[in-house]
Amino acid sequence: MQYRLPCHALSCLSLLAIAVIAGCSSTARMTTEAPTRAPAEVPSTDQAAGLDRVAVTGSRMQRAEMESSRQAAAARKAAAPASSPAPPPMAYEQAAGHAYLAAAPLLAHAEPANTENYQQRVDNPVQRTSEQPVSTFSVDVDTGSYSNVRRMLREGVRPPADSVRAEEFINYFSYQHPAPADRSSPFRVTTELAATPWNPQRQLLMIGIKGYDVPKATLPPANLVFLLDTSGSMDAPDKLPLLAALERLQAGGSTNGGDGIRLAYAMARQGFIKDGVNRVILATDGDFNVGTVSQQALETMVGDQRKSGIALTTLGFGQGNYNDALAERLADVGDGNHAYIDTPQEARKVLVEEMQSTLLTIARDVKIQVEFNPALVSEYRLIGYENRVLQREDFANDKVDAGDIGAGHEVTALYEITPAGSAGGRLPALRYGDATPAQPKNQGEVAHLRLRYKLPGADNSRLIEAPILAASSTARPSQAFRFASAVAAYADLLRGGRNIDQWGWSEVAAAARNARGADVFGLRDEFVALVEEARRLVSPDGQAPVATSD
């Protein structure tokens, strides 16, 4: 398969699109060649085991022309007389969306401005159950916020509050929620209710969703288009070089993100596999500066393409100009997921260990709705999911898009609730409110959980319902519950610590340390270390927080 850009686009587009049509192989070695080179070698017998076909195609600026230009410039420089005038003492330089002055020796070199972009977010409010008994939101399996904040902490930078999305922190970790017994339902829903660790007058409700898993060898054929940003802003050790498997890629030029995405979807349509996996994987820092740069316009374009059955996954890279708001939203509207790659280990986690979850969607448009019983619950607050909250009427509307769940995926959500009559309430009493709500029919239920989902290819959703009983509350919460609570508190501290009462960094670290359990990949040990790094940055020795990166 070969796809070429129109000649007029070659001068401004520095995005490489690679179409990969793979079978059930979990890994494949890929090479790219210029259009005039011979096709890539056929994989060896070992490489091809379980592999139906790997086709690599691409389009990019001609290296021969670039090399010729460089050689010509070098020749002109060598031929110039020794008495050539020196360059002016000050020149204006612009690269990767950052403008600065290259000054004379007497002037200090100015650092490029930090233009990282995060969507503004406000914590979900405490809701009075008698006024708003129903909470509705879309599931989210993104994890990019956690690894991006980890990158900043390791660099000694205070993460901006808006870079912290609590649900992505919580869902970065596996809690070993029980899987469904068979495939009659794509996933199993479980709940756990126990006292809130930072305030025993309140309770935490943990909702866990686990999709059925499949062996990698049984994955359907996949048509993947990797759209790799090779613009000048990607020329940094923590960006394009992290994709070392594609060693011939070089960074340069501007980023026409809109045209690159259109090209990727066009290639995906060319290789579309019926009843297979069709997905565009965009690796970028999000610094789009040529062509369509409006986030709203890009979201509309991706949303339109979603209807063709091609999903979009975004992989974020880099610092200083990283556009987190764009990368996360494009994945949301593209029926995909968003991750941030800060290390080769994270790349392996996302692209190898969790790839079957990304590739095989087992349920689409998954929505959760919880109706709280005002006779037993006076207040509640959903932790995280601020940009996934839906209107109550959206729950039964199958035209409203929501999150998808892949094979083996886990989704975890936490509600903090205040039992009726508890001293842990946070909202002032209403002067004219009804202090004694009528007793409902099901008096032993704290809440009622509803979940809607569509099977892949289906237009109509299915409904799962389950009551959450007051009697299910436990005085001995599980290890998973305790660790998830610690992660939620950690995210809250990074956002200012307004919702966890008297808990601080020491309490969070102790809770996480005591709930580590089996830590095969060392991620929970790493989390405990990050808590200490965050404490030193946010509140060193009890003093005021240090300067933030925004």
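See the structure shown above.
None of the values given here were measured: they were computed from a predicted structure.

Caption draft 1: Quick peek at helix α11 (residues 479-494). Over its 16 residues, α11 extends 23 Å from the first C-alpha to the last, a length consistent with the 22 Å expected when each residue adds 1.5 Å. Extensive coverage of α11 is indicated by the burial of 14 of its 16 residues. Where α11 ends, the next residue or the one after it, Gly496, has phi of about 125°, a positive value.

Caption draft 2: Inspection of the side chain of Arg165 at higher detail. Along the chain, Arg165 falls in the loop between α4 (144-154) and α5 (166-170). You can call Arg165 buried: its relative accessible area is 2%. Side-chain polar atoms of Arg165 contact the side chain of Asp324, separated by 2.7 Å. Excluding its chain neighbours within four sequence positions, the residues that come into contact with Arg165 are Arg121, Ser145, Asp324, Glu328 and His338.

Caption draft 3: Inspection of the pattern of salt bridges at higher detail. Taken as a whole, this structure holds 35 salt bridges when the rule is applied. Taking the shortest distance from any N to any O, the salt bridge between Glu116 and Arg151 comes out at 3.3 Å. With a gap of 35 residues between them, Glu116 in the loop between β3 (98-102) and β4 (127-128) and Arg151 in helix α4 connect regions that are remote in the sequence. The buried category is assigned to Arg151, whose relative accessible area is 7%. With a shortest N-O distance of 3.0 Å, Arg450 and Glu371 are connected by a salt bridge. Pair noted here: Arg450 is in strand β16 (residues 445-454) and Glu371 is in strand β12 (residues 361-372), with a separation of 79 residues, a long-range link. Overlapping salt bridges, with partners in common, bring together Asp140, Glu299, Arg329, Asp332 and Arg388 in one network.

Caption draft 4: Layout of the pairing of strand β7 (residues 199-211). Counting buried positions over the 13 residues of β7 gives 11, a clear majority of the element. Of the pairings in the sheet, the one linking strand β6 (residues 187-196) to β7 comprises 10 bridges and is antiparallel in character. Paired with Ala195 across the strands is Gln203, a residue of β7. Between β6 and β7, which follow one another and run antiparallel, lie 2 residues. Pairing analysis gives 8 bridges linking β7 to strand β15 (residues 410-419), with the strands arranged antiparallel. Each residue of the ladder has a partner; that of Met206, found in β15, is Leu414.

Caption draft 5: A look at helix α13 (residues 523-538). A rise of 1.5 Å per residue sets the reference length of α13, with its 16 residues, at 22 Å; its end C-alpha atoms lie 22 Å apart and thus fit the reference within 8%. For α13, every residue scored as buried is listed here: Arg524, Glu526, Phe527, Val528, Leu530, Val531, Ala534, Leu537 and Val538. Summarising the contacts, the buried residues of α13 are in contact with α4, α11 and α12 (505-514).

Caption draft 6: Layout of unusual backbone geometry. You will see that Asp335, though not glycine, has its phi angle at about 55°, which is positive. We note that Tyr385 has phi near 65°; this positive angle belongs to a residue other than glycine. A relative accessible area of 0% places Tyr385 in the buried class.

Caption draft 7: Structural context of the nonpolar core. Phe372, Ile405 and Tyr415 are the most contacted members of the largest nonpolar core, which totals 50 residues. The greatest single-element share of this core, amounting to 6 residues, is contributed by β12. Excluding residues that lie within four positions of it along the chain, Ile405 makes contacts with Val139, Phe187, Ile209, Leu360, Thr361, Ile362, Ala363, Val366 and Val411.

About the cut-offs
Residues numbered from 1 in each chain as written. Predicted model: local features only at pLDDT ≥ 70, side-chain atom pairs only at ≥ 80, totals over all residues. Heavy atoms only, no water. Helix = DSSP H or I, 4+ residues; strand = E, 2+ residues; numbered from the N terminus. Expected span 1.5 Å × (residues − 1). Buried < 20%, exposed > 50% of the residue type's maximum accessible area, 1.4 Å probe, protein only. Polar contact = N/O pair within 3.5 Å; in protein donor to acceptor, adjacent residues only side chain to side chain. Contact = heavy atoms within 4.5 Å. Salt bridge = Lys/Arg side-chain N within 4 Å of Asp/Glu carboxyl O. Pairing = 2+ DSSP bridges. Core = buried A, V, L, I, M, F, W, Y, C linked by side-chain atoms within 4.5 Å.

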